[in-house]
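# A closer look at the structure
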Amino acid sequence: LTSRFSATVHDYRSSRRNFEKVTPSQLEHQISYLKLKEVFTIDLENNQNIKAGASVIFNKVNPNSLLPLGDSSIIAPIILEEENGKEMSAFASYNGKLGENFEFSTGIRFVLYQLNGPYQEYQYELDKPSGQIIDQVTKEGVVQSYQSIEPRASLRYSFGDDFSLKMGYSRSAQ
């Protein structure tokens, strides 16, 4: 039995400026995440193994903003609220080899996605064409959650060191 733990931190920032005559503006956003993952591997006979593990990803989308550049811009300022999410998963797979040239893999992954507060939910006038906001509610804790079962399978036949035929199936949701 072997174990491998990994931690990944990512911080993506983007800024784009538009210098067109009537609509000079600046668009900014930031996406950050932290991923923690543990994988256990059991090596079996005949180049086979079983892997199982779990991971959690914390996502944060910082306020995106569209701001006018200068007094002549007709762009109205827009600032979106921060969003926080969490993705938790547990998975298992079996990898094997039949003979020298044929390899296969099967696996399954259970995933739970959560949108976490604070989160602003807006209510609109549905019978009016303007779609004007009539109320705003701040939600705390888990605002929304989704779950998914994601199976996968793959086959590989090697004709030699330089040529192989692969085929696979996977289902994912996000």
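Here is a short report on the structure shown in this document. (Residues numbered from 1 in each chain as written. Predicted model: local features only at pLDDT ≥ 70, side-chain atom pairs only at ≥ 80, totals over all residues. Heavy atoms only, no water.)

Secondary-structure assignment places Gly53 in strand 3 (residues 49–68). Residues Gly53 and Pro63 lie 10 residues apart in sequence; the distance between their C-alpha atoms is 33 Å. In contact with Gly53, not counting residues within four places along its chain, are Glu38, Val39, Ser89, Ala90 and Phe91. (Helix = DSSP H or I, 4+ residues; strand = E, 2+ residues; numbered from the N terminus. Contact = heavy atoms within 4.5 Å.)

With 17 bridges joining them, strand 1 (residues 2–18) and strand 2 (residues 25–43) adopt antiparallel strand pairing. Its bridge partner being in strand 2, Thr2 is matched across the sheet by Thr41. Counted between consecutive antiparallel strands, the loop separating strand 1 from strand 2 contains six residues. Inspection of the sheet shows strand 2 paired to strand 3 by 18 bridges, in the antiparallel sense. Counted as the bridge partner of Ser25 is Pro68 from strand 3. Between the end of strand 2 and the start of strand 3, which pair antiparallel, lie five residues, with Asn46 showing a positive phi angle near 60°. (Pairing = 2+ DSSP bridges.)

Okay, the packing of aromatic side chains next. In the structure shown here, the tally under the stated rule is three aromatic pairs. Their ring planes at 40° and their centres at 5.8 Å tell us that Tyr94 and Phe104 sit as a pair that is tilted. Residue Tyr94 is found in strand 5 (residues 83–98), and its partner Phe104 is found in strand 6 (residues 102–116); the two are separated by 10 residues along the sequence. Where Tyr157 meets Phe159, the ring centres are 4.8 Å apart and the plane angle is 70°; that geometry is what we call edge-to-face. (Phe/Tyr/Trp six-rings, centres within 6.5 Å; stacked < 30°, edge-to-face > 60°.)

Next up on the list: the pattern of salt bridges. Two side chains of opposite charge can pair, provided their charged atoms sit close to one another. Tallied over the entire structure, the rule returns six salt bridges. For Lys139, the salt bridge identified is with Glu121, shortest N-O distance 3.0 Å. Here Lys139, found in strand 8 (residues 133–139), pairs with Glu121, found in strand 7 (residues 119–124); they are 18 residues apart in sequence, far enough to count as distant. For Lys139, a relative accessible area of 30% gives the class partly exposed. (Salt bridge = Lys/Arg side-chain N within 4 Å of Asp/Glu carboxyl O. Buried < 20%, exposed > 50% of the residue type's maximum accessible area, 1.4 Å probe, protein only.)

What follows is about unusual backbone geometry. With omega at 5°, the peptide bond leading from Gly117 into Pro118 counts as cis. The residue Pro118 is located in the loop between strand 6 and strand 7 in this model. In this model, Asn46 sits at a positive phi of 60°, which is unusual for a non-glycine residue. Tracing the sequence through the fold places Asn46 in the loop between strand 2 and strand 3. Of note in the backbone geometry, Asn47 takes a positive phi value of approximately 60° without being a glycine. Looking at Asn47, the relative accessible area reads 62%, which means it is exposed.

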